[in-house]
Every structure is written in C-alpha cells, then in structure tokens.
There are 4 protein chains.
Amino acid sequence: MNALRRIVWQNDTPAGRVFDSAVMAIILAGLVLDSVATVDDIAARLGTVLGTASTAITGIFVTEYILRVATAPKRWKYITSFYGVVDLAAILPTLLGLDLRSIRAVRLFRLLRVLKVTRSRAVQRLGHALLSVKEEAAIFVLTTGLLLYFAATGIYFFEHEAQPDVFGSIPGSLWWAVATLTTVGYGDTYPITAGGRIFTTLVLLCGMAIVAAPAGLVAAALTKTKET
Amino acid sequence: MNALRRIVWQNDTPAGRVFDSAVMAIILAGLVLDSVATVDDIAARLGTVLGTASTAITGIFVTEYILRVATAPKRWKYITSFYGVVDLAAILPTLLGLDLRSIRAVRLFRLLRVLKVTRSRAVQRLGHALLSVKEEAAIFVLTTGLLLYFAATGIYFFEHEAQPDVFGSIPGSLWWAVATLTTVGYGDTYPITAGGRIFTTLVLLCGMAIVAAPAGLVAAALTKTKET
Amino acid sequence: MNALRRIVWQNDTPAGRVFDSAVMAIILAGLVLDSVATVDDIAARLGTVLGTASTAITGIFVTEYILRVATAPKRWKYITSFYGVVDLAAILPTLLGLDLRSIRAVRLFRLLRVLKVTRSRAVQRLGHALLSVKEEAAIFVLTTGLLLYFAATGIYFFEHEAQPDVFGSIPGSLWWAVATLTTVGYGDTYPITAGGRIFTTLVLLCGMAIVAAPAGLVAAALTKTKET
Amino acid sequence: MNALRRIVWQNDTPAGRVFDSAVMAIILAGLVLDSVATVDDIAARLGTVLGTASTAITGIFVTEYILRVATAPKRWKYITSFYGVVDLAAILPTLLGLDLRSIRAVRLFRLLRVLKVTRSRAVQRLGHALLSVKEEAAIFVLTTGLLLYFAATGIYFFEHEAQPDVFGSIPGSLWWAVATLTTVGYGDTYPITAGGRIFTTLVLLCGMAIVAAPAGLVAAALTKTKET
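Quantities reported herein were computed from a predicted structural model and do not represent experimental measurements.

Cut-offs and rules
Residues numbered from 1 in each chain as written. Chains lettered and ligands numbered in written order. Predicted model: local features only at pLDDT ≥ 70, side-chain atom pairs only at ≥ 80, totals over all residues. Heavy atoms only, no water. Helix = DSSP H or I, 4+ residues; strand = E, 2+ residues; numbered from the N terminus. Buried < 20%, exposed > 50% of the residue type's maximum accessible area, 1.4 Å probe, protein only. Contact = heavy atoms within 4.5 Å. Areas by Shrake-Rupley, 256 points an atom, 1.4 Å probe, with all protein chains shown as cover. Least-squares fit on C-alpha atoms with pLDDT ≥ 70 in both. Expected span 1.5 Å × (residues − 1). Polar contact = N/O pair within 3.5 Å; in protein donor to acceptor, adjacent residues only side chain to side chain. Buried area = accessible area lost by both parts, 1.4 Å probe. Nonpolar A, V, L, I, M, F, W, Y, C, P; charged D, E, K, R; others polar. pLDDT = per-residue confidence, 0-100. Phe/Tyr/Trp six-rings, centres within 6.5 Å; stacked < 30°, edge-to-face > 60°. Salt bridge = Lys/Arg side-chain N within 4 Å of Asp/Glu carboxyl O. Core = buried A, V, L, I, M, F, W, Y, C linked by side-chain atoms within 4.5 Å.

Visitor: Explanation requested: the overall build of chain A in the structure shown.
Guide: Scanning chain A from terminus to terminus reveals 11 helices and zero strands. When each of the 228 residues of chain A is scored for burial, the buried share is 46%. The contacts of chain A with a sequence gap of at least 6 include a subset with a gap of at least 24, amounting to 62%. When the accessible surface of chain A is summed, it comes to about 11,400 Å², and 68% of that surface belongs to carbon and sulfur atoms.

Right, here's the structure in full:
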C-alpha cells in the first residue's frame, strides 16, 4: 500500500514519474480525441473507434480516481480538495450512466478534464507567474477597461450616424475597440468618417501597448520563473 | 462639520474610504448605464428603469457637489479648480432643466463624468506615468508623424493610378498608413501594385516598432510606478 | 555679415534659433500644403490659394538658399555638401521655370524637401540611433529575408494548387509572407488548406518577433539617445 | 593540395573567404532564380535563360561537391556528415539525370539548397540563439499549445451554432485561434455572437503576448549573440 501510495502521489521514484507522465499523456490524448470528434468527416468514418477510445480513457480516469481515493494519505481531504472534485466531475457522467442521453451536458463535464492538466508542474509555473504580477496586472486591467470604454464611446459618437448598423450602440462598439486596440483588425468593423479615423489614430498611438501590457506582464513573469 | 469634511475630502478614515469608493462606484455605474442605454433593444424595454436610474445618479452627483462646496476647506479654490468645474459641468444640464430638451447636448456634458474617474488614485498614477516619459514620447510622436507622412506620400505615388478611389489623396492615404504601421490591417485599403507592396514591406520593417513606441513607453512607465 | 552668418548657420543666439525654427516650420507647412493639394475637393475650391502659398514657400526657399550661399564660411563646401545639393534641388524646378509644364517631375523634386527636415536635431537623433544598431540590424535583416523567403516558398507549395490566383508564384507569395509575419493581416491573401494553415501557424510562432525586431531595435536605440 | 584544402575548408586566407562568399552568393542566386521561375510571365519569356542559369548553378554545386570530397581532411567523415548529405542531395537529381522527368520531385530536392545557407556564420548564430533559449521556449510552446486549444474549444462552444460553416469543428476553430492570438486577424473567421466576442476579448487580453513570446525569446537571444 505504501509503495502504491508513493507511485500515485509522489514523483520521487521512477514508477511515480511514469505514473504522472502516463496520466498526463492520457488527459492530453483525451483532449485531442474530444476535439477531433467534432470534425464531421472523422466522426462519420471513425465514430466507433473514437467512441471506444473515449470509453477507454474514461475507464482509466475511473481507475485513477479509485486509486487516488484508496491510497490518499488523508482520504477526505483529497475528496473535498480542488483536484478531488475535478477528478470526480470528469468521470461523473459515466458513473451516472449519462453517456448516451444528454450529449451536451456530458461534453461540458468533459471540459473539466482540462483542469486535470493543471496538476502538471509546467502549468503550475504559469499559475505562479500570474500571481507574481497581480498588482501591475490590476492597474493594467483597470486602465485597459477605461481605455476600451473611452474608445467605444468616442467611435460611437463619430461613426453612429455614418454606419448605424455597425456602430449601433456603445456596447456593440466595444467589439471594434477590442479588435482595433489589440491590433487584430479583423476588418468586420472600421471607421469610415474623417473624424472617426483621426480618433482611431490617436487612440491607437496612445493605447495599443497598454491593451497588450497585461499579457506582456504574464509572458515576462513566465520567463523569469525558470530561475526559481 | 469637521468630521464630514474629513469623510468627503480625505481617505484616512474608514468612512472616508467608503465615501470615495461609493462615489467612484456610482460614476462607473453611470458610465455603464449611459452606454447600455444606446442599445435599442434595452432602451425600448427598460427605458423607464434606465431613466429613473439616470435621474437617481444625477441626484447623487448634485448631492456630492453640494457636500463638497459646503465642506471644502477653501470654498472658492474648489469651485474654480479643475475638479470643481468638472463636478459642476457633470450636473449642469439637470440644474438648468435641460434633461428633456436637447438630448445630444446633455450627452456631451455627461461624457465629462469620465473625467470624474480621474480623481481615483489608479488613474492619477497613469497621469504621472504619462508625465515621466514626455521627453521620449515627444521624440517618438515627431518620428511617428514624419513616418506616417512619408508612408502616405509614398503609397500615394505608387498606388494612386491603380486604385484612384482608395488612394485618392495623401491625407486619405494616411488612413492606410495608420492601419498598416500599427499592424491593425483592417483590410479596407491595401496596395495591389508590385511597387506599392515592396514600398509597404520596407516601411513596415523599418517603422512598425516606432509607431508602437509611444504607447509602449506609457505601458513601461506604468509598470514602474508600482515601486513609487 | 558675421552677424547674419551666425543667425543662418548657428543656433547659439535667439535670432539663430528663430531662423532655424522658422525654416523648419515653413518646410512642414509646405509638406502639409503639398499633401492637402492632392485632395480633389480642396484643390478645386482652394486651387488659387494653394498655388499662391506654394509659390510663396518656394520663394522663401530661394531666399534661404541665396542667404546660405552668401554667408557660408566655406562657400563651395556648402554648395557641394549633401544639404547644399538638397537645398538646390528643392528649388530647381522654379529656377528653371518648370512650374507650369511637367507637374509630375516638379512633384518629385518637391519630395526632396522632406530631406530638408533632416537638418533638425530630432531627426538627426534618429539617424544616430539607426547607426548605433547597424550590426544587430544587419543580422535581423538577413534573418528576416531568409524567413520571408522560406515562408513564401512554403506557402507556395501548400496553397498553389488550391488558390492558383492568389499564390501564383513565389515572389507573389512574398506579399502574403510580409502581411502575415508583420501581423498586419489585411485579409486579401490567406491559406485555406489544412497544410497551409499548419505551416502558417508554425512560421508565425517562430518568426513574427524576428520580423518585428529591426524596427524594435531602432525604437530601443531612439529611447536611449535621450541620455546622450 | 594543402593550399586548395585551406581555401575550401577554412576562411583564414583571402582566397578562402572569397570561396566561401562565392558559394554563398551562388546559393542565394539559385534560390532567387528558383523563386522567379514560378512567375508565369517570366517563365514564358526567359525560360531558356533561366534553364541555362539553373544548369550552370547545379554544375557549380557538382564542382563544389567534388572539390570538398577531394580535399576533405577526413573524406568519409564529410560524406556522412550533415552538410555532406545536404550537398549531395542538392545535386542528386542532376547526377541521376532526372532534370527532365519529374519536375516536382526535383524541386523538392532543390529546396534542400536552403540548408546549404546554414553553413554561413550569421545563420549559425541564429542556431546558437535558438539553442540558448530552448528551456524557456519549451515552457512557452506548451503554454501556447494549451492556450490555443482552450481558445479553439471555447469559441467552438460559443459560435458553432451561429456559424456552423466557419466554426465547424474544434480543429477548424484552431485556425481562428492562431490568426486571432497572433493578432494577424485576416478577417476570414471572426465571432459574431455576444458570448463569442466577450470570450475573444478575455482570451486576447490574457494571451496575446504569450503566443508572441517564443518568437520574442529568439529575437532577444539573437540580439545578445552579437556580444559573443
């Protein structure tokens, strides 16, 4: 029992590392499988294979959950912990025999499997990176919010009359503000009046780096975490 | 009176902090309300509710203004100060009974309420960040201006004959220069001749970071302000 | 004569600074004028005014050239110097009486006036910034060239059959490579095959910052020049 | 023989540097030639010239290969080395007399000539830069992968019903995720529902710098290599 516990809960033995890696690989395989299953062509041709694989993966997750419950040093602490709930939710539809009935609900529960990935060290590093920049991030999120609101209100005043369909309301203009200040520029909405274009120019020159800043902070923090 | 003054003008007491936060929350609520009111669906269904809420918020602002005038340590200094004028302008249409008559004028005065947000510490930090980079920003604004002018003139020479509608004049081509050098790239205007495309390539490789630089400076300064 | 020379050639006196600023202001006014004159509406209504203003500016430039030649410490050195040639070329069409005949040729000579702006300190600072990063810039220009060639060749192989018009040749595909790797993304050309899209993803993830790097180097160098 | 070996394999003599530069110039000329030959107009008019030039370049490569084999200090070591195989593969179709038969296969072998460029110092510097950031790059590639998967799954849930053609499957939605998070934004696919747009906003604000980070790391490492 102690040997099994060490394999399941720690990664200081070769067997423990193999167990962790195998679980992670199966989670990723399941995510790929679930996404590939949404392609109509593949679903039509390989439906049975995909179904079997999906059942197999769920089976492995059930086994993993039983193993974790059986070997947990403090059983109730695990069951009520974040990962305990995630692990259970990821297999709940199967346990309740829901697989055949409501497909959409099952899929939502399956998405919870993404959270299982966060047990990996690399992803937890991302979490630490996010926490270490939370103060600066708060300033930028506030500034970004005000900037997007200001841009949306401004463009609404300049473009509403010329393009009542595209810039029909301030919340609707926010979509333009997001697509523009992130420099994505899909091209579905853009100003056509001289005033709107001059306003866009000024807002872009002053603001595009501010909108990009929160993500930049996370990226910078993620680079630093290597040293720790 | 002294206790009230301390609440209204300072935030070194719990009550003072609650007052500041409440005013800020109501300003933000008002901004959200004004923007939501431009959505036709919502305006049609919730017109009465929105109108009442808007009146209530204006009422609170009137009360706030009276409170500030009444408790200001130096009354005339406040009334003639930047925020004194902003606070008054934000409620002026109501005081003059203009709410029902010219809607557009009222809205412009209401936009002044955005300036009330700048009383918040976080936004003043943005102001300090902007001031601390004003020298570098001046260089970049000048360089960006020359670059945009150069790009617009160049593309006009290359594309005017091939696309007389899109690149009809140099000021009109400036819109292309802005959308391209900020890398937004809406797709409403782009070069189609070989010369115009080669020119675009060279201008982009040399200039896109320069156009992004002023905003980058502000973002960098904003990151540093945390330490102060 | 010495006093005049000091005004024209140096800026250590108030009069010298006024002279420099006035010449710069007139150059910029001329550039704005030339660009505004390409707007059909304005040209039709204000044609005479613009023409007169243009003649006046050229007159000022002629006067400036005569002044510089007359007061230059070493006359021939100035006349044969870079700015001596630029100053002459900017007024050549007028001196030769070409204003009425070939409009296009005149315009090209007028564009030389942009070079007159480079006499300003701020623009020379840009020149120094460019020189200080020329080694790194060379590496990035080479890498960018290879990357664009590689991207264009790759997308040509993947997309040529599916979109023979859009990706008709490798040099033509370079336009796609530029618009994509600079993240401008006009939307006039984009891959539609699975292979082309996967290739685009990989090229973008590996290369978009490299294409942006030369301009980033210049922007960084420009920020540093303040300290000098 | 020793003098020839020094010219071919080293660049510590003027003749050696000329040899290296000449080979590099011919490789680049060959790449330009191959790309220009895909333009129909040019192929039709200059077909014979291009063909002759292509044969000449291949001839030079054959000569280079024979020279290298003849003068290599350790013959078999070169022949079985990476560049030995690349050098051979680049001339293989000619040696086998395939030039007239299967054009496509020949072209694929010709693309191997790009690898010959990597013998240049500047390109090897890029290789070193890539190696020096491989740890951070691994973190970002993993994070980017998860982020793109998460974005694609999310947008599929929000937009699948509204735009079943555009967001038909999760792998198909990945294309949208790539074009959006790199801020390229072609405009071929974009969300139209309120939910999809809010989701896009959040994903962009949190993730766009992370997707740009791997390429940024390479660019930063490339800047540093100058000092070595």
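Still more to cover.
Visitor: Help me out: how do you make sense of the relation of the copies chain A and chain B in this one?
Guide: Note: a rotation about an axis with an accompanying shift along it relates these two copies of the chain. At an RMSD of 0.1 Å, chain A and chain B line up after a rotation of 90° and a shift of 0.0 Å along the axis. Both chain copies can therefore be described as sitting about a four-fold axis. Interface residue correspondence from chain A to chain B reaches only 11%, placing this contact among heterologous pairings that use different surfaces.

Visitor: Looking at this structure, how should I read helix 11 (residues 170-181) of chain B?
Guide: Helical geometry note: an α-helix holds 3.6 residues per turn, so side chains three or four residues apart project in the same direction. Residue and element names in this part refer to chain B. Taking 1.5 Å per residue, 12 residues should reach 16 Å; helix 11 reaches 16 Å between its end C-alpha atoms and fits that length. Counted residue by residue, helix 11 has nine buried out of 12 residues, so it is predominantly covered. Considered for burial, the residues of helix 11 that qualify are Ile170, Ser173, Trp175, Trp176, Ala177, Val178, Ala179, Thr180 and Leu181. Of the residues flanking the start of helix 11, the one acting as N-cap is Ser169, its side-chain oxygen 3.2 Å from the backbone nitrogen of Gly172. Immediately downstream of helix 11, the backbone of Thr183 shows phi near 60°, a positive value.

Visitor: Would you mind showing me how to read the interface of chain C and chain D here?
Guide: A common measure of how large an interface is: the accessible area buried when the components associate. Contacts between the two partners involve 38 residues from chain C, matched on the other side by 34 residues from chain D. Between chain C and chain D the total buried area reaches about 3,100 Å² when both faces are included, carbon and sulfur atoms providing 74% of it. If you sort the residues of chain C by the area they bury against chain D, Tyr149, Phe157 and Leu205 of chain C come out on top, with a joint share of 20%. If you look at where chain C meets chain D, you find four residue pairs in polar contact (both at pLDDT 80 or more). The biggest single contributor to the side of chain C that touches chain D is helix 12 (residues 194-224) of chain C, with 12 residues. Of the residues contributing to the side of chain C that touches chain D, the split by class is 22 nonpolar, 12 polar and four charged.

Visitor: What is the right way to look at the confidence of the model for chain A in this model?
Guide: Low-pLDDT stretches of the model should not have their predicted coordinates read in fine detail. All names here are of chain A. Confidence in the prediction of chain A, expressed as mean pLDDT, is 82, and 88% of residues score 70 or more. Across chain A, element-level confidence peaks in helix 10 (residues 170-181) with a mean pLDDT of 92 and bottoms out in helix 6 (residues 103-111) with 59. With pTM at 0.83, the complex prediction returns an ipTM value of 0.80.

Visitor: Even after reading the chapter, I still don't get the packing of aromatic side chains, so can you show me in this structure?
Guide: Two descriptors summarise a pair of aromatic rings, namely the distance from one centre to the other and the angle between the planes of the rings. Per the counting criterion, the structure on display carries 36 aromatic pairs over all chains. Between Tyr65 of chain D and Tyr78 of chain D, the aromatic rings sit 6.1 Å apart at their centres with planes inclined by 45°, giving tilted as the arrangement. Within this pair, whereas Tyr65 of chain D is found in helix 3 (residues 40-71), its partner Tyr78 of chain D is found in helix 4 (residues 75-79), the two being separated by 13 residues in sequence. In this structure an aromatic cluster arises from ring pairing among Trp9, Tyr65 and Tyr78 of chain A.

Visitor: For this particular structure, what's the right way to read the interface of chain A and chain B?
Guide: Between chain A and chain B, the contact holds 38 residues from the first and 35 residues from the second. Interface area, chain A with chain B, both sides summed: about 3,100 Å², of which 74% is carbon and sulfur. Area buried by chain A at its contact with chain B is led by Tyr149, Phe157 and Leu205 of chain A, which between them contribute 20% of it. The salt bridge involving Asp188 of chain B is made with Arg197 of chain A; its shortest N-O contact spans 4.0 Å. Taken together, chain A and chain B are joined by five residue pairs in polar contact (both at pLDDT 80 or more). Those elements giving two or more residues to the side of chain A that touches chain B turn out to be helix 9 (134-159), helix 10 and helix 11 (194-224) of chain A.

Visitor: How do you make sense of helix 2 (residues 14-36) of chain A when you look at a structure like this?
Guide: The terminal C-alpha atoms of helix 2 of chain A lie 32 Å apart, and with 23 residues this matches the ideal 33 Å at 1.5 Å per residue to within 8%. For helix 2 of chain A, the set of buried residues is Gly16, Phe19, Val23, Met24, Ile27, Gly30, Leu31, Leu33, Asp34 and Ser35 of chain A.

Visitor: Can you help me understand the nonpolar core in this one?
Guide: One broad trend across soluble globular proteins is that nonpolar side chains are buried collectively. Within the largest apolar cluster, 144 residues are counted, with the highest numbers of intra-cluster contacts made by Leu181 of chain A, Leu181 of chain B, Leu181 of chain C together with Leu181 of chain D. When near neighbours in sequence (up to four residues on either side) are disregarded, Leu181 of chain D contacts Leu147, Leu148, Ala151, Val203, Leu204, Gly207, Met208 and Val211 of chain D.

Visitor: Teacher, can you tell me more about unusual backbone geometry here?
Guide: Leaving glycine out, the prevailing phi sign among residues is negative, and the prevailing peptide bond configuration is trans. One non-glycine residue with positive phi stands out, namely Thr183 of chain A, at about 65°. Considering the arrangement of structural elements, one finds Thr183 of chain A in the loop between helix 10 and helix 11.

Visitor: I'm lost on the side chain of Thr143 of chain C in this one. Help?
Guide: Here Thr143 of chain C shows up in helix 10 (residues 134-159). Given the relative accessible area of 9%, Thr143 of chain C is considered buried. Excluding residues that lie within four positions of it along the chain, Thr143 of chain C makes contacts with Ile210 of chain C together with Leu126 and Leu222 of chain D.

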